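Overview (structure and organization)
Residues per chain are reported as follows:
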Amino acid sequence: NSKNLLFVGDSLTEGYGLNGKSFADKVKEQFPSASVKKIAVTGKSTSWMLPKLKEELSTGKKYDTITIWGGVNDIYSRNSISDAKTNLQSMYDLARKSGAKVITLTTIPTATYNTHTSKTIQLTKDLNNWIANNGTPNAVIDVNSLVNNGSDGTKNEYLQSDKLHLTDSAQELIAREFLKKI
């Protein structure tokens with residue numbers, strides 16, 4: 001039973017620092033019959049993701065599952081989550097309307113970033129709370145809880161040396177959670 005899976009996101013979905021191998025690629029390895037497409041670019045916010053998803057769905061291609069992971073770049077580039085919420089909601093709605101099962105992920109904890117502030121930590125918590133309680137997606141993977149060090153940062157063993165991006169083992173953890181949701 002093969003499935004068409006679409007993953008939309010930023011560097012975390014792209015697999016930054018991991019030779020482009022993110023949780024989406026790990027899902028493909030464990031589910032070889034699946035067709036996996038990634039629309040993900042490092043540094044992009046949800047305002048980039050939304051038109052990319054619209055464009056992809058306008059082709060008429062049908063996906064069994066559409067996975068959306070964004071928001072952290074909105075927090076750090078805009079110091080706001082209002083656009084992220086609007087864009088994420090639009091993507092959830094578009095994906096649902098296309099007939100796909102929608103899976104979303106909370107953003108990673110960011111107190112380990114060297115550019116974090118008390119405001120970015122609070123915005124991360126607020127956005128993750130909104131994502132977790134949104135209700136539109138069929139499933140939520142709480143990445144924040146999976147990798148949290150208990151102090152609003154990411155556990156060292158899950159951080160690449162840049163203190164921003166997730167390691168291969170963290171991506172593996174996310175892939176395992178994803179496989180439970182589909």
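Before reading on, note that the structure itself is shown above.
The text that follows walks through the structure, step by step, so that each part is easy to find.

Criteria and thresholds
- Numbering of residues starts from 1 in every chain and runs along the sequence as written.
- pLDDT decides what is reported in this predicted model: residues at 70 or higher carry local features, side-chain atom pairs at 80 or more are listed and counted, and totals for whole chains, interfaces and linings draw on all residues regardless.
- Water and hydrogen atoms were dropped before computing side-chain values, which therefore reflect all heavy atoms in the structure.
- Only protein chains enter the calculation, and the probe is 1.4 Å; a residue is then buried if its accessible area is under 20% of its type maximum, exposed if over 50%, and partly exposed in between.
- Helix and strand labels come from DSSP, where a helix needs a run of H or I of at least four residues and a strand needs a run of E of at least two; each type is numbered from the N terminus.
- Nonpolar core, defined: a set of buried Ala, Val, Leu, Ile, Met, Phe, Trp, Tyr and Cys residues in which side-chain atoms within 4.5 Å join the residues together.
- By definition in these notes, contact holds between two residues if any of their heavy atoms fall within 4.5 Å.
- Side-chain rings of Phe, Tyr and Trp (the six-membered ring for Trp) are treated as a pair once their centres are within 6.5 Å; stacked means planes under 30 degrees apart, edge-to-face means over 60, and tilted covers the remaining angles.
- Counting of polar contacts relies on pairs of N or O atoms within 3.5 Å, with two restrictions inside protein: one atom must be capable of donating a hydrogen and the other of accepting it, and residues adjacent in sequence are counted only when both atoms are side-chain atoms.
- Salt bridge, as used here, is a side-chain nitrogen of Lys or Arg placed within 4 Å of a carboxyl oxygen of Asp or Glu.

Comments concerning unusual backbone geometry
The bulk of non-glycine residues show a negative phi, and the bulk of peptide bonds are trans. Within the chain, Asn 79 stands out as a residue other than glycine whose phi angle is a positive 55°. By relative accessible area, Asn 79 is classed as partly exposed at 35%. Positioned with a positive phi, Lys 163 is a non-glycine residue whose angle comes to about 60°. Mapped onto the elements of the fold, Lys 163 is located in the loop between helix 7 (143-147) and helix 8 (168-181). Look at Lys 163 and you get partly exposed, because its relative accessible area is 37%.

Structural notes on the nonpolar core
Membership of the largest hydrophobic core comes to 25 residues, with the highest contact counts inside it found for Phe 23, Trp 69, Ile 108, Val 143 and Phe 178. Every element with two or more residues in this core is listed here: strand 1 (4-9), helix 2 (23-30), strand 4 (101-105), strand 5 (139-141), helix 7 and helix 8. In this structure, Leu 6, Ala 84, Val 102 and Ile 131 belong to the second largest nonpolar core, which totals 23 residues.

Details of the side chain of Asp 74
By the secondary structure assignment, Asp 74 is in helix 4 (residues 72-78). For Asp 74, the residues in contact, after removing those within four places along its chain, are Ser 45, Thr 46, Ser 47, Asn 79, Ser 80, Asp 83 and Ala 84.

Observations concerning the packing of aromatic side chains
Enumeration over the complete set of coordinates arrives at 6 aromatic pairs. Each ring, one from Phe 23 and one from Trp 69, has its centre 5.5 Å from the other, and the planes form 75°; the classification is edge-to-face. A residue pair is termed long-range when its members are at least 10 positions apart, and Phe 23 in helix 2 and Trp 69 in strand 3 (residues 65-69) qualify at 46 residues. Here the two residues Phe 23 and Trp 69 agree in accessibility, since each one is buried.

A few points about the side chain of Lys 26
Assignment of secondary structure puts Lys 26 in helix 2. A polar side-chain atom of Lys 26 sits 2.7 Å from a polar atom in the side chain of Asp 168. In this structure, Lys 26 is in contact with Asp 168, Gln 171, Glu 172 and Ala 175, ignoring residues within four places of it in sequence.

Considering the pattern of salt bridges
Any two side chains of opposite charge can pair, given that their charged atoms come close. Applying the stated criterion across every chain yields a total of 10 salt bridges. With a shortest N-O distance of 2.7 Å, Lys 38 and Asp 25 are connected by a salt bridge. Here Lys 38 is found in strand 2 (residues 35-40), whereas its partner Asp 25 is found in helix 2, with 13 residues between them in sequence. The partly exposed category is assigned to Asp 25, whose relative accessible area is 21%. Measuring nitrogen to oxygen at the nearest pair gives 3.9 Å for the salt bridge that ties Asp 74 to Arg 78. Placement of both Asp 74 and Arg 78 in helix 4 is noted, with a separation of 4 residues, approximately one turn of the helix. Of the residues examined, Asp 74 reaches a relative accessible area of 0% and is grouped as buried. Classification of Arg 78 as partly exposed rests on a relative accessible area of 37%.

These figures capture arrangement, not role.
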